[in-house]
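# Structure assessment
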Amino acid sequence: QVQLVESGGGLVQAGGSLRLSCAASGTIFSINVMGWYRQAPGKQRELVAIITSTSYTDYADSVKGRFTISRDNAKNTVYLQMNSLKPEDTAVYYCYANLPSAHVYWGQGTQVTVSS
C-alpha cells in the first residue's frame, strides 16, 4: 500500500507563485512516474506534468514555461513549482505515482485558487 500526501495549495493573486509537494509513503521500492493532474469544476481531469525515474519531463501546453516539475527519488517526493499563475490555473491538483506493478496511486488533492 502506498499513500500520497499533497501540500502547498492555497489562494494567490494572478502572477504569483506556489510550490506543491507530494510525499509518497508505504511499501515503495521504486516509482516509475510521478506527476500532477488538475480538475476544475465542470471539467475533466487533465494532465499537468509528469516526471519519470530518469528525469524525463513533459508538460501540458497551457503550463509550459511557467510550471516546473521535479522529484527527489530518495524522499519519494514530487514537486510542482508554479510561477506566473493565472486564474485559469484554478483547480484541485492531484498527485499520482505509477509503480512498476502498474498500480497507480492518487493523492487526496489540494486546492489552488488564483484570483484576478
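Presented here is an overview of the structure given in this document. Numbers given for residues are sequential positions, taken from 1 along each chain in its written order. Only residues with pLDDT of at least 70 get local features here, since the model is predicted, and only at 80 or more are side-chain atom pairs given and counted; chain-wide, interface and lining totals rely on the full set of residues. Note that water and hydrogens are dropped before the side-chain values are worked out from all heavy atoms of the structure.

## Some words on the packing of aromatic side chains
The pairing test for Phe, Tyr and Trp rings, Trp by its six-membered ring, is centres within 6.5 Å, and the orientation test on the planes gives stacked under 30 degrees, edge-to-face over 60, and tilted for anything in between. This structure, assessed with the given rule, holds three aromatic pairs. Relative to Tyr96, the ring of Tyr37 has its centre 5.2 Å away and its plane inclined at 65°; by these criteria the two rings are edge-to-face. Here Tyr37 is found in strand S4 (residues 33-39), whereas its partner Tyr96 is found in strand S9 (residues 91-98), with 59 residues between them in sequence. Owing to a relative accessible area of 22%, Tyr37 belongs among the partly exposed residues under this scheme. Ring centres of Tyr37 and Trp106 lie 5.2 Å apart, and the angle between their planes is 65°; this geometry places the pair in the edge-to-face category. Within this pair, whereas Tyr37 is found in strand S4, its partner Trp106 is found in strand S10 (residues 104-106), the two being separated by 69 residues in sequence. You can call Trp106 partly exposed: its relative accessible area is 38%. Each residue in the set Tyr37, Tyr96 and Trp106 is aromatic and connected to the rest through ring pairs, giving one cluster. A positively charged side chain is recorded as over a ring if its NZ (Lys) or CZ (Arg) lies within 6 Å of the ring centre. The angle to the ring normal must also be within 35 degrees. The ring of Tyr94 carries the charged tip of Arg45 above its face, separated from the ring centre by 3.9 Å. Directly above the aromatic system of Trp106 lies the positively charged group of Arg45, at a separation of 4.8 Å from the ring centroid. Helix and strand definitions follow DSSP, with helices as H or I runs of at least four residues and strands as E runs of at least two, each counted in order from the N terminus. Buried, partly exposed and exposed residues are distinguished by accessible area as a fraction of the type maximum, computed with a 1.4 Å probe on protein chains only: under 20%, between the cut-offs, and over 50%, respectively.

## Considering the nonpolar core
In this structure, Trp36, Leu80, Met82 and Tyr93 are the most contacted members of the largest nonpolar core, which totals 32 residues. Looking at this core, the elements that each hand over two or more residues are strand S1 (2-7), strand S3 (18-26), S4, strand S5 (46-52), strand S7 (67-72), strand S8 (77-82), S9 and strand S11 (110-115). Here, residues are in contact when the closest pair of their heavy atoms is within 4.5 Å. Filtering out sequence-adjacent residues up to four positions away, Met82 remains in contact with Gly16, Ser17, Leu18, Leu20, Arg66, Phe67, Tyr93 and Val112. Buried Ala, Val, Leu, Ile, Met, Phe, Trp, Tyr and Cys residues form a nonpolar core when they are joined through side-chain atoms within 4.5 Å.

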